[in-house]
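# Examination of the molecular architecture
Each chain, written out:
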Amino acid sequence: MTHVTKAVKGTHDLFKESLRCQQAVVSRAREWLEAAGASEIATPVFELTEVFERGVGESTDIVQKEMFTFTDRGNRSLTLRPEGTAGVVRAYIEHGMKVWPQPVRLWYAGPMFRAERPQKGRQRQFHQVGFELLGSASPLADAEAVALSYRILETLGLRDMKLKLGSVGDAEDRRRYNQYLREALSPRQDDLSPDSQRRLSTNPMRILDSKSEDDRQVLKELGIRPMLEFLGPGAREHFEAVKRILGGLGVPFEVDPAIVRGLDYYARTSWEIHHEQLGAQSALGGGGRYDGLAELLGGPPTPGVGWALGIERVCLALEAEGVSPPPERTLDIYIAPLGEEQLELALAAAASLWPEVRAEYALSPRKPGKAIREAEKRGARFVGLLGEEEARAGALTIKDIASGRQQTVPLNRVREWLESGGEL
Ligand code: AMP
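Along every chain, residues carry numbers that run from 1 in the direction the sequence is written. pLDDT decides what is reported in this predicted model: residues at 70 or higher carry local features, side-chain atom pairs at 80 or more are listed and counted, and totals for whole chains, interfaces and linings draw on all residues regardless. Each side-chain value is worked out from all heavy atoms of the structure, with water and hydrogens disregarded.

### A few points about the domain arrangement of the protein
- In this entry, domain limits derive from an automatic or database-based domain assignment. Along its sequence, the protein is organised into domain 1 (16–169 + 231–320) and domain 2 (333–419).
- When each unit is reduced to the centre of its C-alpha atoms, the spacing between domain 1 and domain 2 is 49 Å.

### Topic: the packing of aromatic side chains
- Any pair of Phe, Tyr and Trp rings, taking the six-membered ring for Trp, is counted once the centres come within 6.5 Å. Such a pair is stacked with planes under 30 degrees apart, edge-to-face with planes over 60 apart, and tilted for the rest. Applying the stated criterion across every chain, the model contains 6 aromatic pairs.
- Arranged with centres 5.9 Å apart and planes meeting at 40°, the rings of F131 and W307 form a pair that is tilted. Taken as a pair, F131 in strand β6 (residues 125–134) and W307 in strand β11 (residues 304–310) lie far apart in primary sequence, 176 residues in all.
- Using a 1.4 Å probe on the protein chains alone, a residue whose accessible area is under 20% of its type maximum counts as buried, one over 50% counts as exposed, and one in between counts as partly exposed. Its relative accessible area of 2% is what places W307 among the buried residues. The secondary structure listing takes helices from DSSP runs of H or I that are at least 4 residues long and strands from runs of E that are at least 2 residues long, numbered from the N terminus.

### Description of the pairing of strand β7 (residues 161–167)
- The element β7 is largely enclosed, with a buried count of 5 among its 7 residues.
- In this structure, β7 lies alongside strand β9 (residues 267–275), joined through 7 bridges in antiparallel fashion. Residue pairing in the sheet places M161 in a bridge with H275 of β9.
- Two strands form a pair only when DSSP identifies at least two bridges running between them. For β7 and strand β8 (residues 254–255), the ladder comprises 2 bridges, and the chain directions are parallel. Considered in β8, the bridge of K164 is made with E254.

### Remarks on the state of the cysteines
- A pair of sulfur atoms, both from cysteines and within 2.5 Å, is called a disulfide here. Taken as a whole and assessed by the stated rule, the structure comprises 1 disulfide.
- One disulfide in the model links C21 with C315; its S-S distance is 2.2 Å. Torsion about the S-S bond of the C21 and C315 cystine: about -105°, corresponding to left-handed handedness. Taken together, the positions of C21 in helix α1 (residues 16–35) and C315 in helix α11 (residues 311–320) put the pair 294 residues apart, joining distant regions of the chain.
- For C21, a relative accessible area of 8% translates into the label buried.

### Quick notes on the pairing of β9
- Where burial is concerned, most of β9 is hidden: 9 out of the 9 residues are buried.
- Both β9 and strand β10 (residues 283–289) contribute to a ladder of 6 bridges, which runs antiparallel. Bridge pairing links H274 to A283 in β10.

### Things to note about a nonpolar patch on the surface
- Together, V45, F46 and F70 give the surface a local cluster of nonpolar side chains, amounting to about 240 Å² of exposed area.
- Along the chain, V45 falls in the loop between β1 (39–40) and β2 (46–48).
- We classify V45 as partly exposed; its relative accessible area is 30%. Only residues above 30% relative accessible area that lack a salt bridge enter a patch, with like-charged residues linked at up to 9 Å and the nonpolar side chains Val, Leu, Ile, Met, Phe, Trp and Tyr linked at up to 5 Å. Exposure was quantified through the Shrake-Rupley algorithm and a 1.4 Å probe, taking into account, for residues, occlusion by the shown protein chains and nothing else. Throughout this description, the term salt bridge denotes a Lys or Arg side-chain nitrogen within 4 Å of a carboxyl oxygen of Asp or Glu.

### A word on the pattern of salt bridges
- This model, assessed by the stated rule, comprises 33 salt bridges.
- Note that E144 and R105 form a salt bridge whose closest N and O atoms lie 2.7 Å from each other. Pair noted here: E144 is in helix α5 (residues 139–156) and R105 is in strand β5 (residues 104–113), with a separation of 39 residues, a long-range link.
- Look at R105 and you get partly exposed, because its relative accessible area is 22%.
- Of the charged contacts in the structure, one is a salt bridge between R151 and E154, with a shortest N-O distance of 2.8 Å. Taken together, the residues R151 and E154, both in helix α5 and 3 residues apart, mark about one turn of the helix.
- A relative accessible area of 17% places R151 in the buried class.
- A single network of salt bridges, built from pairs that share partners, joins K16, E17, R20, E328 and R358.

Set out below in structure tokens:
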């Protein structure tokens, strides 16, 4: 194969089972989210780079090294979206959704782009389905969002999941925590990875998220205290309420005192859902509260909470648990013209059956035996033979492949006949 017949590293073609799985995940999510009052939003796949610089955070790994950024012909810096929230909040501000009845619930699904090192469960183009609830600071909103993210996965059939719930506190709490981290980690600065040495001055909390073995070792040796111990009274009370409400909803969770999410804009509630059989890339999704985000993007103060699920990961988890995607609709009938004169009629016959009946036709003449073999290969239940006699009578000879029985049915009654079960 030459290189132009291969998809770019970290990107994948989706078809048959892989695409059907993605569609099944999105339709299950749609079912839950629309039931909860959310409407779908589709924002552009690229935005001004600044939307993500501000909305995801300058100090995050995403903005620092994972964005696909390019300059357009007008010399604007644009970026393929690495996540969905910043664009949705940009749209909320742009379209004045603040004057809609609050809160506004939106959901989306689509491709995201991150220049990460590809591995199992990590692509450069991947897909997310996500939910944003804007305009409420109530812990009810957090609990609703967490519950929806969990129930969608649960009703897809996943069992081996862990919901890890934490809080990253309010801005003031994080300032105190970052101060603590700086003081605690500075004496061991030289033992940290280069990335984390940089984070020590920009955003020490990011170090807790580090995958470097050296960093993890230093953190362990120093017995670093978790963020949860630094919550102020406001964030603490909010966290207690979220836990109580989630308990009432029967959503199983465990408190993760050290949870730090990859995005800068999170405040208070933060959670991740992991799958036990996925290895290194085990996060199926995550979310959090982001009360300061709208203002960061130049909009009115708007509290919000949301999440995103990684669809490829969810499909890997479903596969690991042996849950298969719903089967493709099977072919009902394969229509074969027996001679040149019946070619166009074969197409017309198939077209008259669409979309209720799944029908394919042969684009060149077939002998009956070959037509039956082809129909079988395609998984069709019936083959429709269209010869001179049938054409004259305006009919189709339909053969039940399994039983071998056949019947001639007027063309204008074939659909009805097939829909009623095609009793021969
Ligand atoms: P994040 O926006 O980083 O919290 O990501 C939310 C979810 O998207 C993660 O839990 C993953 O399931 C998925 N995800 C993030 N990055 C990737 C990637 N590069 N490839 C595949 N899935 C990803």
